[in-house]
Amino acid sequence: MNGLSLSELCCLFCCPPCPGRIAAKLAFLPPEATYSLVPEPEPGPGGAGAGAAPLGTLRASSGAPGRWKLHLTERADFQYSQRELDTIEVFPTKSARGNRVSCMYVRCVPGARYTVLFSHGNAVDLGQMSSFYIGLGSRLHCNIFSYDYSGYGASSGRPSERNLYADIDAAWQALRTGYGISPDSIILYGQSIGTVPTVDLASRYECAAVVLHSPLTSGMRVAFPDTKKTYCFDAFPNIEKVSKITSPVLIIHGTEDEVIDFSHGLALYERCPKAVEPLWVEGAGHNDIELYSQYLERLRRFISQELPSQRA
């Protein structure tokens, strides 16, 4: 989150429209886009136009809404080959607020029991996250569905708190209707700012499970750590919504998080009635939890052992 002076913070919290200003100034850092979505013409008679796609371009299969190809720039830093690219489908959908929301479906494991609806962190887009999604899904034996927030990547509009909620709603509906995935097969995963739409959706819909990775309690508590109550103008009030989640919740947080203090993860864990054993990663910061072996170990145990036992 951006660093602001005390006077700027006071202005943000005291001058209307406060929630939008807090969200825009403290939270959103959309990067320069690392990809674009291009509509692909349907092949004509005889298969015209059905040639092999070059590396950096992938085709959405007929299972996705429409046919699109993804052009990755060098900034995407894709770590895999065309074979892995071919497991990814991309397409745009539209949110209730009228923004085009870019979506990505990574078929990591044929017939996977679960699909992870992943809301990524700040300052990244789908192009930068695509390699991580392939690796994570393959290791967890899950498929991954993700999307870009308004104003990120190839998604239109501007980042805002209200758009965040509309964006994840659009992604949820695309996953449910476009791919026929039932809620009891969807794991909602939010990282950092991505925990905001994740908690909001999970508080309204039941799903298989929820993972909150480096979550925040609220915008005001990030800016003013001594804040003890949630004000009406506070942005991202996860702390007030997490108690409404009816699905199992795994919270992951680094003890040395320099962006969102470890106390946020603890507070959410204490407030969440459906929380399972959390993962506190000793010595981890905000952006390196994935490098610790216990990260994958805990996720695997949660998905492969704990979820099936709860369903039994």
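Residues numbered from 1 in each chain as written. Predicted model: local features only at pLDDT ≥ 70, side-chain atom pairs only at ≥ 80, totals over all residues. Heavy atoms only, no water.

Under an unreviewed UniProt entry, the name given to the protein chain is palmitoyl-protein hydrolase, and the source organism is Pan troglodytes. According to the UniProt record, the Catalytic activity (unreviewed entry) comment for the protein chain reads "S-hexadecanoyl-L-cysteinyl-[protein] + H2O = L-cysteinyl-[protein] + hexadecanoate + H(+)". Under the heading Sequence similarities (unreviewed entry), UniProt records this for the protein chain: "Belongs to the AB hydrolase superfamily. ABHD17 family." (UniProt positions renumbered as here; feature names shortened; annotations may be inferred.)

Asker: Honestly, the pairing of strand 4 (residues 88-94) in this entry has me stumped. Any pointers?
Answerer: The side chains of a regular strand alternate between both faces of the sheet. Counting buried positions along strand 4 yields five of seven residues, so the element is predominantly enclosed. Relative to strand 5 (residues 100-106), strand 4 is paired through seven bridges, and the arrangement is antiparallel. Bridging from a neighbouring strand, Lys94 pairs with Arg100 of strand 5. Between the end of strand 4 and the start of strand 5, which pair antiparallel, lie five residues, with Gly98 showing a positive phi angle near 85°. (Buried < 20%, exposed > 50% of the residue type's maximum accessible area, 1.4 Å probe, protein only. Helix = DSSP H or I, 4+ residues; strand = E, 2+ residues; numbered from the N terminus. Pairing = 2+ DSSP bridges.)

Asker: What's the story with helix 6 (residues 195-202) in this structure? I'm lost.
Answerer: Quick reminder: α-helices carry 3.6 residues per turn. Residues three or four places apart thus point the same way. Burial within helix 6 is extensive, with eight of its eight residues counted as buried. Within the sequence span of helix 6, burial applies to Thr195, Val196, Pro197, Thr198, Val199, Asp200, Leu201 and Ala202. Those residues of helix 6 that are buried are in contact with strand 6 (115-119), strand 7 (143-147), helix 5 (161-179), strand 8 (186-191), strand 9 (209-213) and helix 8 (238-241). (Contact = heavy atoms within 4.5 Å.)

Asker: How should the pattern of salt bridges be read in this particular structure?
Answerer: One side chain can pair with another of opposite charge once the charged atoms of both are near each other. Going through the model one piece at a time under the given rule, you end up with eight salt bridges. Among the ionic pairs, Asp200 bridges to Arg204, the shortest N-O distance being 2.9 Å. Classification of Asp200 by relative accessible area gives buried; the value is 9%. (Salt bridge = Lys/Arg side-chain N within 4 Å of Asp/Glu carboxyl O.)

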